[in-house]
Amino acid sequence: MRATHLFPLVALGVLTLVGAPNVSTAQSWHTKSLSRQYRGERHLTVSVEFASGSFTLQPTEGSALYRAELRYDEEHFDPVARYETASQELHLGVDADEIDRDFELSDESPQYLHVELSPAVPTELDLEFGIAKAQIDLGGLSLRRAAVKTGASESVVAFSVPNRVACDKFSVAVGAAEILVEGLGNARCGEITVVGGAGAMTLDFTGAWQQEAMTRAVLTVGLGTVTLRLPENLGVALDLDRLFVGFEANGFTKRGDRFVSAHAEDAEPALFLHIRAALGEIRVEWVSPESGT
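Let me begin by describing the structure that accompanies this report. (Residues numbered from 1 in each chain as written. Predicted model: local features only at pLDDT ≥ 70, side-chain atom pairs only at ≥ 80, totals over all residues. Heavy atoms only, no water.)

1. Regarding the overall build of the protein
Phase 1 of the analysis: Helix and strand counts for the protein stand at zero helices and 19 strands.
Phase 2 of the analysis: In the protein, which comprises 293 residues, the share counted as buried stands at 48%.
Phase 3 of the analysis: Counting only contacts in the protein whose residues sit at least 6 apart along the sequence, the fraction spanning at least 24 positions is 67%. (Helix = DSSP H or I, 4+ residues; strand = E, 2+ residues; numbered from the N terminus. Buried < 20%, exposed > 50% of the residue type's maximum accessible area, 1.4 Å probe, protein only. Contact = heavy atoms within 4.5 Å.)

What follows is the structure, given as C-alpha cells:
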C-alpha cells in the first residue's frame, strides 16, 4: 500500500490523498534503541507518531518501564525517542514535518518501530501512524485511556487478555484502511468510539466481560463494511442511523427504534451500540464466548 501524503483526512468518510510524482532517492538506515527500568513511576503517558513502515506494540516482561527499537531512514526522517522524567511522558516515532513531498511513503518500507510497555504502570496512549502496518497488543497492560489514529494502513489492535484496570475511553480513527480490533470485551472501557473513512472494519467484542459492566460504543462510518463479532451470551442494544447501508438484524429483535439481543430483553444490556453509517454494509456475527480472543 502506497501514498504520498502522510496523514489522510478522516472526516465522516472523506479521504484526501495529495499525490506527487515518484522519484528515486538514496536512503541511509540507522537503528536506535532505548529502555528504562521501572523506578516507582505511578503513571506513564505514551505518544507515538510514525509515518511509514511497520509498527508493533506489546507488554514487556521483566522490570523495564519501556523498551523501544526504531529503524529509520535518516535521509527523510528525524528520530523521536525521548522520555521526560518530570511528567513521565514517553515520545516515540519519526518526525516527517520537513519531508520532501516527492518522497513516497510505504507500508512496505524497511522502517520499523517496536515498543514494549510495562503492564504494571497505569498508562495512557496516543498512537498515530500514516502508511504503516500495525500489530498492537494492548492485552495485559494497565490501560486508562487509548487513542489510535491510522491513515492508509492494515492494522490489528488486540486486547488478547483483560486490561488490568478500568479504562475510561478507547478511540479509533481510520482513513482508507483495513482494521481488525479484537477482544474488546477485555478492554474494560466504559466508552468506545470508532470513526471510519473508507475500508473494512471488524470489531470483535469477545473477551472476559466484567459482571455488571456496561460499555457504550459509538461507530461513525463513511464508506465501507463493518463486521460486528458479538458473544452469544452478551446483552446488546443497538441504535442504527443509516443511509444506503445494508443491515440484517441477525439475532436482534426490534423494540421501537432499537434492536435488542436475546440476552438484553430481560436484563440491562452490557453493550450499547450506536452506529451512524452512510454507505456500505453492516454485518453481525454471533460467536460462542469460548471462541473469543
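Structure shown, so let's carry the discussion forward.
2. Overview of the pattern of salt bridges
Phase 1 of the analysis: Counted under the stated rule, the structure contains 10 salt bridges.
Phase 2 of the analysis: The residue Arg-145 makes a salt bridge to Asp-126 at a minimum N-O spacing of 2.9 Å. Placement of Arg-145 in strand S10 (residues 143-150) and of Asp-126 in strand S9 (residues 123-137) is noted, with a sequence separation of 19 residues between them.
Phase 3 of the analysis: For Arg-145, a relative accessible area of 25% corresponds to the partly exposed category.
Phase 4 of the analysis: A salt bridge links Glu-191 to Lys-169, with the shortest nitrogen-to-oxygen separation between them at 3.8 Å. Taken together, the residues Glu-191 in strand S13 (residues 189-204) and Lys-169 in strand S12 (residues 167-182) connect sequence positions 22 residues apart.
Phase 5 of the analysis: Looking at Lys-169, the relative accessible area reads 33%, which means it is partly exposed.
Phase 6 of the analysis: Here the residues in one salt-bridge network are Glu-124, Asp-126 and Arg-145, joined through shared partners. (Salt bridge = Lys/Arg side-chain N within 4 Å of Asp/Glu carboxyl O.)

3. As for the environment of Ser-155
Phase 1 of the analysis: Tracing the chain through its elements places Ser-155 in strand S11 (residues 154-158).
Phase 2 of the analysis: Between the alpha carbons of Ser-155 and Leu-180 there is a distance of 6.4 Å; along the sequence they are 25 residues apart.
Phase 3 of the analysis: Apart from the residues lying within four places of it in its own chain, the contact partners of Ser-155 are Phe-129, Ala-134, Thr-150, Glu-178, Ile-179 and Leu-180.

4. Regarding a nonpolar patch on the surface
Phase 1 of the analysis: Residues Leu-223, Leu-243, Phe-244 and Leu-279 make up a contiguous nonpolar surface patch of roughly 430 Å² in combined accessible area.
Phase 2 of the analysis: Within the secondary structure, Leu-243 is located in the loop between strand S15 (236-242) and strand S16 (245-247). (Patch = residues over 30% accessible without salt bridge, like charges linked within 9 Å, V, L, I, M, F, W, Y side chains within 5 Å. Areas by Shrake-Rupley, 256 points an atom, 1.4 Å probe, with all protein chains shown as cover.)

5. Thoughts on the packing of aromatic side chains
Geometrically, a pair of aromatic rings is defined through the distance of the ring centres and the angle of the planes.
Phase 1 of the analysis: According to the stated counting rule, one finds six aromatic pairs in the structure shown.
Phase 2 of the analysis: Taking the centre distance of 6.4 Å and the plane angle of 40° together, the rings of Phe-50 and Phe-55 count as tilted. This pair shows no difference in class: Phe-50 is buried, exactly as Phe-55 is.
Phase 3 of the analysis: An aromatic cluster of three or more residues is present, and its members are Phe-50, Phe-55 and Phe-129.
Phase 4 of the analysis: A cation sits over an aromatic face here: Arg-216 above Phe-272, 4.5 Å from the ring centre. (Phe/Tyr/Trp six-rings, centres within 6.5 Å; stacked < 30°, edge-to-face > 60°. Lys NZ or Arg CZ within 6 Å of the ring centre and 35° of its normal.)

6. Quick look at the pairing of S13
Phase 1 of the analysis: As paired elements, S12 and S13 share 13 bridges and run parallel to each other. Pairing of Val-172 across the sheet is with Val-194, part of S13.
Phase 2 of the analysis: Direction of pairing for S13 relative to strand S14 (residues 215-231): parallel, over a ladder of 13 bridges. Considered in S14, the bridge of Thr-202 is made with Thr-227. (Pairing = 2+ DSSP bridges.)

Don't take any of this as a statement about function, it's just geometry.
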